[in-house]
Amino acid sequence: MSQAAPPVIETRALGKVYSPGTEAEVIALRDVDLRIGSGEFVAIMGPSGSGKSTLMNLLGCLDTPSSGSYLCDGTDVATLDAEERAALRLEKIGFVFQGFNLLPRMNALENVAMPMGYANVPREERLQRAREALQDVGLADRAGHRPSELSGGQQQRVAIARALINRPPILFADEPTGALDSRTGEEILALFKRLQQDDHTVVLITHDPDVARHCDRIFVMRDGELHEQPRMPGVGA
């Protein structure tokens, strides 16, 4: 990937403080500077409590910073109200979580189509695009199955298809292989690599160095500070 790729994620001195000015004050993020270019596959690592989940919530427009700035695909998020942030999230960002978060009463096709309801996409178009998304993740033949009828790996593929259904340029994956066996986890990571090749920017939140090695760049959170980890020669998929 060209080093000149424009940043789709750019933070400048980003900070987050919870309960400021009280005895319970917690500094979760300290002056985070981060640039992620279009089409990169990046890992953010760190132990529990390091600030990586706080950072993902800010980058995903689920929370607002206490200081600094964040440009999401060129838009300064601080200039947006809550409704505009929600619209940006819908258009620009997809989320994949460790727990899949599928609705048990819906089949795979309905789960994948669900986010398009918020975008006012007509029902027939929703279902057609959901079928195509399931085909893209290799689950066209499981469209009518409910989550309880799918393996963990299949459920995660459904969750990835759902995250991509509005065609967002940015995908955040929070411990996406954490609930999977190692072989299935490798298959999911290979799917993320294919998404990267289709020009998606993938940001992987993980505590597992073996998972992080699949990424182009690795950042480590420690006590709210972000540091890029130098690549070792020959490391990486």
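Refer to the preceding data block for the structure.
The text that follows walks through the structure, step by step, so that each part is easy to find. (Residues numbered from 1 in each chain as written. Predicted model: local features only at pLDDT ≥ 70, side-chain atom pairs only at ≥ 80, totals over all residues. Heavy atoms only, no water.)

A look at the overall build of the chain
Across its full length, the chain carries seven helices and 10 strands. Relative to its length of 237 residues, the chain is compact, with a C-alpha radius of gyration of 18 Å against a globular reference of 18 Å. Once the C-alpha set of the chain is aligned to its principal axes, its extents read approximately 50 × 45 × 40 Å. For the chain, buried positions account for 49% of its 237 residues. The contacts in the chain between residues at least 6 apart in sequence include a share of 71% that link residues at least 24 apart. About 11,800 Å² of surface is accessible on the chain, with carbon and sulfur atoms providing 47% of the total. (Helix = DSSP H or I, 4+ residues; strand = E, 2+ residues; numbered from the N terminus. Rg over C-alpha atoms; globule rule 2.2 N^0.38 Å. Buried < 20%, exposed > 50% of the residue type's maximum accessible area, 1.4 Å probe, protein only. Contact = heavy atoms within 4.5 Å. Areas by Shrake-Rupley, 256 points an atom, 1.4 Å probe, with all protein chains shown as cover.)

Quick notes on the sheet that holds strand S6 (residues 93–97)
Here six strands make up an open sheet; going across it, the order is S6-S7-S8-S3-S9-S10 and the pairing mixed. Where the open sheet ends on each side, the last strands, each with one partner, are S6 and strand S10 (225–229). Between one strand axis and the next, the sheet turns through 20° on average, direction left out of account. Of the pairings in the sheet, the one linking strand S3 (residues 41–45) to strand S8 (residues 201–206) comprises five bridges and is parallel in character. Paired with Val42 across the strands is Val203, a residue of S8. (Pairing = 2+ DSSP bridges. Axes fitted to C-alpha atoms, helices over the stretch in contact; angles between N-to-C directions.)

Details of the side chain of Arg162
For Arg162, the location among the structural elements is in helix H5 (residues 152–164). Buried charged residue Arg162 carries no salt bridge. Nearest counter-charge: Glu110, at 12 Å. Only 2.9 Å separates the side chain of Arg162 from the backbone oxygen of Phe100, close enough to count as a polar contact. Ignoring sequence-local partners within four residues, the contact set of Arg162 consists of Phe100, Asn101, Leu102, Asn111, Val112, Met114 and Pro115. (Lys, Arg positive; Asp, Glu negative; His and termini not counted. Salt bridge = Lys/Arg side-chain N within 4 Å of Asp/Glu carboxyl O. Polar contact = N/O pair within 3.5 Å; in protein donor to acceptor, adjacent residues only side chain to side chain.)

A closer look at the nonpolar core
Core analysis: the biggest nonpolar cluster contains 42 residues, and Val112, Leu134, Val158, Ile160, Leu171, Phe192 and Leu204 have the highest contact counts within it. For this core, the leading source of residues is H5, giving six residues. Apart from residues lying up to four places away in sequence, Leu204 is in contact with Phe41, Val42, Ala43, Ile44, Ala173, Pro176, Leu189, Phe192, Val211 and Cys215. Of all hydrophobic cores here, the second largest spans 28 residues; its members include Val77, Phe95, Val203 and Leu226. (Core = buried A, V, L, I, M, F, W, Y, C linked by side-chain atoms within 4.5 Å.)

With respect to the packing of H5 against helix H6 (residues 182–197)
Two numbers describe how H5 lies on H6: the axes approach to 10 Å, and their chain directions differ by 20°. Relative to H6, H5 is oriented roughly parallel. Judged by the sense of rotation from one axis to the other, the crossing of H5 with H6 is right-handed. Note on element contacts: H6 touches H5 through Thr184, Glu187, Ile188, Leu191, Phe192, Arg194 and Leu195, opposite Gly153, Gln156, Arg157, Ile160 and Leu164. (Parallel < 35°, antiparallel > 145°, perpendicular 65-115°, else oblique. Left-handed = near helix turned anticlockwise from the far one by under 90°.)

Examining the environment of Glu125
Its location among the elements puts Glu125 in helix H4 (residues 123–136). Glu125 sits 45 residues away from Leu80 along the chain, and the two C-alpha atoms are 30 Å apart.

Some remarks on the sheet that holds strand S2 (residues 26–37)
Strand order in this open sheet of four strands is S2-S1-S4-S5, and the pairing throughout is antiparallel. Bordering the open sheet on either side are S2 and strand S5 (75–76), each of which pairs with just one other strand. Pairing of strand S1 (residues 7–18) with strand S4 (residues 67–72) involves five bridges; the strand directions are antiparallel. Of the residues in S4, the one forming a bridge with Glu10 is Leu71.

Some points on the packing of aromatic side chains
Scanning the model with the defined rule gives three aromatic pairs in all. Here Phe41 and Phe192 contribute two aromatic rings whose centre-to-centre distance is 6.4 Å and whose plane-to-plane angle is 50°, an arrangement assigned as tilted. Taken together, the residues Phe41 in strand S3 and Phe192 in helix H6 connect sequence positions 151 residues apart. A connected cluster of aromatic rings, assembled from ring pairs, spans Phe95, Phe97 and Phe172. (Phe/Tyr/Trp six-rings, centres within 6.5 Å; stacked < 30°, edge-to-face > 60°.)

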